[in-house]
Amino acid sequence: MAGYALNYLALAARDVEAACRFLGDSLELQRRDVPLEGRTIPFFGVGESAIAIFDFDDPYLEEPRFPGVHHMALGATDPAGTADKHGLTVTEEGIGPDGKRFVTIEPKETVGIRTRFIEPLDIPSAEGPAHKIDHLGIATDDNDATVRVFTDNLGCPIDSTQTDVEIRNVTESFISDKYGAIYHSRPPEILGGLRDVFITIGDCELEMLMDYDPTMKPKDQLGEEKGNTKGDQSAIAKFVARRGPGLAHVSFATRDIDALLPKLADDGWRMIDLEGRPGGRGSLIGFVHPSNFGGGLLIHFTEPQVDGGFAAKSFG
Ligand SMILES: [Fe+2]
């Protein structure tokens, strides 16, 4: 295996019980309560890694603490030696879930992506509507720096890169009852966009999301429209401005997003999307509303591209 694999992803929730119901009941992920310093933490196996749900105030999570994706733990049999081998600074060394040794890496050295190395935990996973983590969404302002850390230094391969822009085309018409019609098209105008880099960590990817033009400050007119590129850019820019670069969301892979999203709504979850819309790498994506878990924790689903991807589906 090239590079390192995600062993578990730590999510911090205001409403731990709701997050556990979502993963365990609605997504049918297999739960194992893992001991940690006299208490237990719910872990849910998914694909080759796991999701751990912490109260957002849990002392295992280094500060600053807020609801959302807190850190990723990469598997390494010798956590301290691994950090040393790659010249990374360790800010904390300790015993984590299941008595496994871990180290926390100085986040400035991983472009704000809170990263730990941990002796791998073994969390069983079962096949369900979400069969693995598809990617971890990362808000960044420097894709090149993330590639230097995770690919050049840690050896995790680049899956692909992508540029998404939203373009406005304006055509004016001049229609005379005597002289007929003249049409004048203005040059296309880029309203906003994102540059993405996907880096593989085991059976999932890190998805780096950077503004199309990092010198462009968030503009009021970029708006908040859900489901469009300029809306996504606005959300990424706001995240970086508020929290700095780092882990922003988690996406689970599903084989039938148009079946899963309405099913989750039927289960009582508030959904942003009820059907898949175009996402990165030719996939379909759909978001769950963060209010289900007390706010701050952003989860979406991805139906990966199969045979031509979303081109096979028409969008009106
Ligand atoms: Fe995503």
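A quick note: this is a predicted structure, and the numbers were derived from the prediction, not measured. (Residues numbered from 1 in each chain as written. Predicted model: local features only at pLDDT ≥ 70, side-chain atom pairs only at ≥ 80, totals over all residues.)

1. Regarding the nonpolar core
Right, so step 1: If you look at the biggest cluster of nonpolar residues, it comprises 79 residues, and the most contacted ones within it are Tyr8, Leu9, Leu11, Ile51 and Ala52.
Right, so step 2: Looking at this core, the element that brings in the most residues is strand 1 (residues 6-13), giving seven residues.
Right, so step 3: Setting aside anything within four residues of it in sequence, one finds alanine 52 in contact with Tyr8, Ala10, Leu11, Ile41, Phe43 and Pro97. (Core = buried A, V, L, I, M, F, W, Y, C linked by C-beta atoms within 7 Å. Buried ≥ 20, exposed ≤ 12 C-beta atoms within 10 Å, placed from the backbone. Helix = DSSP H or I, 4+ residues; strand = E, 2+ residues; numbered from the N terminus. Contact = placed C-beta atoms within 7 Å.)

2. Quick word on the sheet that holds strand 3 (residues 39-46)
Right, so step 1: Taken together, the eight strands give an open sheet; going across it, the order is 2-3-4-1-5-8-7-6, and neighbouring strands pair in mixed fashion. Taken across any chain shown, the strands that pair with only one partner, and hence form the sheet edges, are strand 2 (30-36) and strand 6 (90-95). Strand-to-strand twist across the sheet, computed as the mean angle between neighbouring axes with direction ignored, equals 25°.
Right, so step 2: Two elements, strand 3 and strand 4 (residues 49-55), share three bridges in a ladder whose sense is antiparallel. If you follow phenylalanine 44 over to strand 4, its bridge partner there is isoleucine 51.
Right, so step 3: Sheet contacts for helix 1 (residues 16-26): strand 1, strand 2, strand 3 and strand 4; angle to strand 4, the most-contacted strand, approximately 160°. (Pairing = 2+ DSSP bridges. Axes fitted to C-alpha atoms, helices over the stretch in contact; angles between N-to-C directions.)

3. Comments concerning the sheet that holds strand 15 (residues 246-254)
Right, so step 1: The sheet built from eight strands is open, its strands ordered 10-13-14-9-15-18-17-16 with mixed pairing. The open sheet has two edge strands, strand 10 (158-168) and strand 16 (277-278), and neither has a second partner.
Right, so step 2: In the sheet, strand 16 pairs with strand 17 (residues 284-288) via two bridges, with the strands oriented antiparallel. Its bridge partner lying in strand 17, proline 278 is registered against leucine 284.

4. Points about the pairing of strand 14 (residues 204-211)
Side-chain direction in a regular strand flips from residue to residue, so the side chains alternate between the two faces of the sheet.
Right, so step 1: Counting buried residues along strand 14, eight of its eight residues qualify, which places the element largely inside the surrounding structure.
Right, so step 2: Relative to strand 14, strand 9 (residues 130-140) is paired through six bridges, and the arrangement is parallel. Bridge pairing in strand 14 links histidine 135 to glutamate 205.
Right, so step 3: In this structure, strand 13 (residues 189-201) lies alongside strand 14, joined through eight bridges in antiparallel fashion. Within strand 14, the residue paired with aspartate 196 across the bridge is leucine 209.
Right, so step 4: In this antiparallel pair of consecutive strands, strand 13 and strand 14, the connection spans two residues, and glycine 202 shows a positive phi of 80°.

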